[in-house]
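# An overview of the molecular structure
Take a look at the letters that make up each chain.
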Amino acid sequence: MNEMLINSRDLRFQLYELLGIEALTQRERFAEHSRETFDAALETARQIAEEQFAPHNRKGDENEPVFRDGRAETIPETKTAWHAFAEAGFLAAHHDAEDGGMQMPTTIQQACHGYFFAANVSTAAYPFLTVAAGNLLGAHGSAEQKERWLPPMLDGRFSGTMALTEPHAGSSLGDLRTRAIPQDDGSYRIVGNKIYISGGEQDITDNIVHMVIARIEGA
Ligand SMILES: Cc1cc2nc3c(=O)[nH]c(=O)nc-3n(C[C@H](O)[C@H](O)[C@H](O)COP(=O)(O)OP(=O)(O)OC[C@H]3O[C@@H](n4cnc5c(N)ncnc54)[C@H](O)[C@@H]3O)c2cc1C
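In this text the structure is predicted, and so the values were computed from the model without any measurement.

Each value, and the rule that gives it
Residues numbered from 1 in each chain as written. Predicted model: local features only at pLDDT ≥ 70, side-chain atom pairs only at ≥ 80, totals over all residues. Heavy atoms only, no water. Phe/Tyr/Trp six-rings, centres within 6.5 Å; stacked < 30°, edge-to-face > 60°. Helix = DSSP H or I, 4+ residues; strand = E, 2+ residues; numbered from the N terminus. Buried < 20%, exposed > 50% of the residue type's maximum accessible area, 1.4 Å probe, protein only. Lys NZ or Arg CZ within 6 Å of the ring centre and 35° of its normal. Near = heavy atom within 4 Å. Polar contact = N/O pair within 3.5 Å; in protein donor to acceptor, adjacent residues only side chain to side chain. Nonpolar A, V, L, I, M, F, W, Y, C, P; charged D, E, K, R; others polar. Expected span 1.5 Å × (residues − 1). Contact = heavy atoms within 4.5 Å.

### Focus: the packing of aromatic side chains
- Taken as a whole and judged by the stated rule, the model has eight aromatic pairs.
- Ring centres of phenylalanine 85 and phenylalanine 128 lie 6.0 Å apart, and the angle between their planes is 70°; this geometry places the pair in the edge-to-face category. Here phenylalanine 85 is found in helix 4 (residues 76-87), whereas its partner phenylalanine 128 is found in helix 6 (residues 121-140), with 43 residues between them in sequence. Per residue, the accessibility class of phenylalanine 85 equals that of phenylalanine 128, and both read buried.
- Each residue in the set Phe53, Phe85, Phe90, Phe116, Phe117 and Phe128 is aromatic and connected to the rest through ring pairs, giving one cluster.
- Here the basic side chain of arginine 35 rests over the ring of tyrosine 16, its NZ or CZ set 3.7 Å away from the ring centre.

Laid out in structure tokens, this is it:
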């Protein structure tokens, strides 16, 4: 087995021998899984990471995204990698089967992500931020929000971001000034400034779903 990114024997030692991850398959949520499905996911991740992420790691660094005529432009390889990641189901792997996921244990999902981090951390940031934004939506979104935004974030049509940092507040998020003003229809009007938002603009997906941290007025 090719060992370009992560030593497969080391990874399997950690998962199966040290953590005893196969025991999870005794739980109802993971009953459909087995060592074979875990290994298949790891092998798919390794292959896509090597073939679609690693080869343009240097090219991506040398050709950073540019903002031209009101549009962000990324190198084409970033888009190909995004679609390969999404089509293999890695955006949705840990979600419920009824939502289009595979109910993959988080430990295996994270082990798969390790290959993409090792291959190309810049390109991997787009799907990983989307996974995180999808987790937030899944945990805290209303039924209506989940129905509207989660499916396209899980199948790769939309990406997600985390908009936390402000010009005067990075680590000290308690100092953030962005306000969320409740409206009569249950929505919030957001007022403020955010900077350094990874994937905040790109030409990879049809839409970008921003998770914006803000202080609710009156709270
Ligand atoms: C590549 C990149 C991508 C980013 N992507 C995103 C993104 O997607 N979304 C987003 O919201 N933000 C993003 N950021 C912003 C990032 O989250 C902030 O840069 C980070 O939170 C640090 O804030 P700061 O730069 O204002 O530094 P500061 O908070 O001003 O910190 C400056 C220094 O002081 C130290 N420090 C801060 N507080 C303390 C403390 N209480 N005690 C001791 N030391 C302290 C820090 O360790 C650091 O060395 C990104 C940044 C980078 C570089």
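Having seen the structure, we can now continue with the description.
### A look at the site of the ligand
- All residues adjacent to the ligand are Met162, Ala163, Leu164, Thr165, Gly170, Ser171, Tyr196, Ile197 and Ser198.
- At 2.8 Å from an oxygen atom of the ligand is found a main-chain nitrogen or oxygen belonging to leucine 164.
- Residue threonine 165 places a side-chain N or O atom 2.7 Å away from a nitrogen atom belonging to the ligand.
- Class assignment of the residues belonging to the shell around the ligand gives a composition of five nonpolar, four polar and no charged.

### A few points about helix 4
- Taking 1.5 Å of rise per residue, the twelve residues of helix 4 would be expected to cover 16 Å, and the 17 Å separating its terminal C-alpha atoms lies within 8% of that figure.
- Listed as buried for helix 4 are Thr78, Ala81, Trp82, Ala84, Phe85 and Ala86.
- Where helix 4 is buried, its residues touch helix 2 (35-53), helix 5 (106-119), helix 6 and strand 3 (158-163).

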